[in-house]
Amino acid sequence: MSQEVKAQVVVLGSGPAGYSAAFRAADLGLETVLVERYSTLGGVCLNVGCIPSKALLHIAKVMEEAKMMGSHGVTFAEPTVDLDKIRNHKDDVIGQLTQGLGGMAKMRKVKVVNGYGKFTGANTLEVEGEEGNTTINFDNAIIAAGSRPIQLPFIPHEDPRVWDSTGALELREVPEKLLVMGGGIIGLEMGTVYYSLGSQIDVVEMFDQVIPAADKDLIKIYTKQVKDKFNLKLETKVTAVEAKDDGIHVTMEDKKGESETTVYDAVLVAIGRVPNGKLLDAEKAGVEVDERGFIRVDKQMRTNVPHIHAIGDIVGQPMLAHKGVHEGHVAAEVISGLKHYFDPKVIPSIAYTEPEVAWVGVTEKEAKEQGLKVEVASFPWAASGRAIASDSAFGMTKLIFDKETNRVLGGATIGTNAGELLGEIGLAIEMGADAEDIALTIHAHPTLHESVGMAAEVFEGSITDMP
Ligand code: FAD
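Note that the coordinates shown come from a computational prediction; the quantities given were computed from them, not determined experimentally.

In space, the 5 strands of this open sheet follow the order 8-15-9-10-11, with parallel pairing throughout. Looking at strand neighbours, the two that pair on one side only are strand 8 (162-163) and strand 11 (230-233), the edges of this open sheet. Here 4 bridges tie strand 10 (residues 200-204) to strand 11, and the two strands are oriented parallel to one another. Its bridge partner lying in strand 11, Val204 is registered against Lys233.

In this structure the tally under the stated criterion is 22 salt bridges. Taken together, the shared-partner salt bridges in this structure form one network comprising Asp215, Asp217, Glu364 and Lys398.

Let's shift gears to the UniProt feature "domain: FAD/NAD(P)-binding" (unreviewed entry) in the protein chain. Sequence positions flagged by UniProt for "domain: FAD/NAD(P)-binding" (unreviewed entry) are, in local numbering, residues 8-328. The span residues 8-328 shows a helical share of 31% and a strand share of 27%, and its end C-alpha atoms are spaced 16 Å apart.

A few words on the site of the ligand. Looking at the ligand, there are 36 residues lining it, with Glu36, Lys54, Gly117, Asp313 and Ala321 nearest. Contact distances for the ligand include 3.3 Å between an oxygen atom and a backbone N or O atom of Cys45. A distance of 2.8 Å is found between an oxygen atom of the ligand and a side-chain nitrogen or oxygen belonging to Asp313. With the chains in place, 96% of the 1000 Å² that the ligand exposes on its own is no longer accessible. Here the shell around the ligand takes 4 residues from helix 2 (residues 43-48), the largest share from any one element. Its residues assigned to classes, the shell around the ligand comprises 17 nonpolar, 14 polar and 5 charged.

This paragraph deals with the UniProt feature "domain: Pyridine nucleotide-disulphide oxidoreductase dimerisation" (unreviewed entry) in the protein chain. UniProt annotation of "domain: Pyridine nucleotide-disulphide oxidoreductase dimerisation" (unreviewed entry) refers to residues 347-455 when read in the numbering used here. Within residues 347-455, the helical portion is 29% and the strand portion 28%, while the C-alpha atoms at the span's ends are 21 Å from each other.

Moving on: the environment of Gly361. When you line up the elements, Gly361 lands in strand 19 (residues 356-361). A relative accessible area of 22% places Gly361 in the partly exposed class. Once residues within four sequence positions are removed from consideration, Gly361 is found in contact with Val346, Glu366, Leu409, Gly410 and Ile429.

Calculation rules
Residues numbered from 1 in each chain as written. Predicted model: local features only at pLDDT ≥ 70, side-chain atom pairs only at ≥ 80, totals over all residues. Heavy atoms only, no water. Pairing = 2+ DSSP bridges. Helix = DSSP H or I, 4+ residues; strand = E, 2+ residues; numbered from the N terminus. Salt bridge = Lys/Arg side-chain N within 4 Å of Asp/Glu carboxyl O. UniProt positions renumbered as here; feature names shortened; annotations may be inferred. Near = heavy atom within 4 Å. Polar contact = N/O pair within 3.5 Å; in protein donor to acceptor, adjacent residues only side chain to side chain. Areas by Shrake-Rupley, 256 points an atom, 1.4 Å probe, with all protein chains shown as cover. Nonpolar A, V, L, I, M, F, W, Y, C, P; charged D, E, K, R; others polar. Buried < 20%, exposed > 50% of the residue type's maximum accessible area, 1.4 Å probe, protein only. Contact = heavy atoms within 4.5 Å.

Printed below as a string of structure tokens:
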């Protein structure tokens, strides 16, 4: 059965970027159709990304904290792991959120069309669904088709022991020996989970530090904290991967050019993501897609075809849900006639590992590269009562100030729940706050966010004479 649908706005893809755009468009009174190839809304983030990984990280954190309690006088029995129950719990968390999204779409009268969508012209999209095709005639389109994990030709991705992040989140087994290929956020988060569940973890990273984009001082602390959890192989690259009966044979070459082959029970390939731009027949609508699959947009999220916008992972880095959500709002508002553009000063990044590593704005290294005149103020959590009481005295909060204006340009934190501190720092940067503003803000005691105020106080520009 085939059908035809008219839409003022069609949104292709229901991840954080797509559903945010669709909901905003509907709230602004536009007749909106949301196309999604899978049966649930929410995209990578809700189904196989941010949310399931955090459900599992929560379990891992509780397990590690329980272990640590032994030294404080409370001893729990060795945990037993029931993978089926953990998987069910994770799926329940996903279900609550995806069903919630379905309800919100209904409430707003957003029409959801399930199936794989491709452009057939500048105002038409064909959706191939299980129950037939739908032709959507649209006035405006928003492409929010997201990204997928990178695959490399020399890796046997078809072997069930070679996982991408989606495979790792399926929790089919706890391998005795797991290699995490790629020391970025996704690899380390999943490594954290599997370590707690009982795997022995090696992490191989080409650069000289894990999470290469993060502040060096933080990563030094992180590396020390995880030294008993992960065997980190830095400045090392994987040169061959072979699936054999006794395991996955991985050959790695270190910076001295020395090669060694190790056998793993499973390998998680977490080396980045590629945009889905080349899979949409976008050229039939006249939309330019670059050779990597990204779609270039202006600040109003318009592609080279003015009535077609693009948002989320498909338009570029950082590939983060919260960036996509804001881009989605901009695209919908622009289509509805409002004057809006995407121009955030900063986009926060968080590795929800244990300990968490979080940063927003410029890092010290970036400030140097950009020739900015900055001053760095750090507050070690060893001086924070709350951090000491929470086994997180190793943590640190670091602020980067403009030397001339004293304005905060960046911030970075490491420690338990460090990511929660970024809210204040991000707001401070967006509002142009300076060291004095932060230092004069009374932070509750004892809290971890007090460390933001303390870091500002370390900076001498925070103390001024009152008139
Ligand atoms: P997606 O979420 O990728 O959604 C795109 C949607 O489009 C999908 O549902 C897809 O099925 C659909 N689609 C694609 N093509 C078509 C088509 N032709 N027809 C119909 N439907 C189509 N980000 C964070 O900010 N915080 C985190 O903690 C975090 N954790 C992550 C953990 C993991 C393991 C992974 C993999 C990612 C994580 N991310 C996180 C990244 C985050 O998931 C993405 O940045 C975000 O999902 C991108 O949103 P999006 O809407 O652009 O695309």
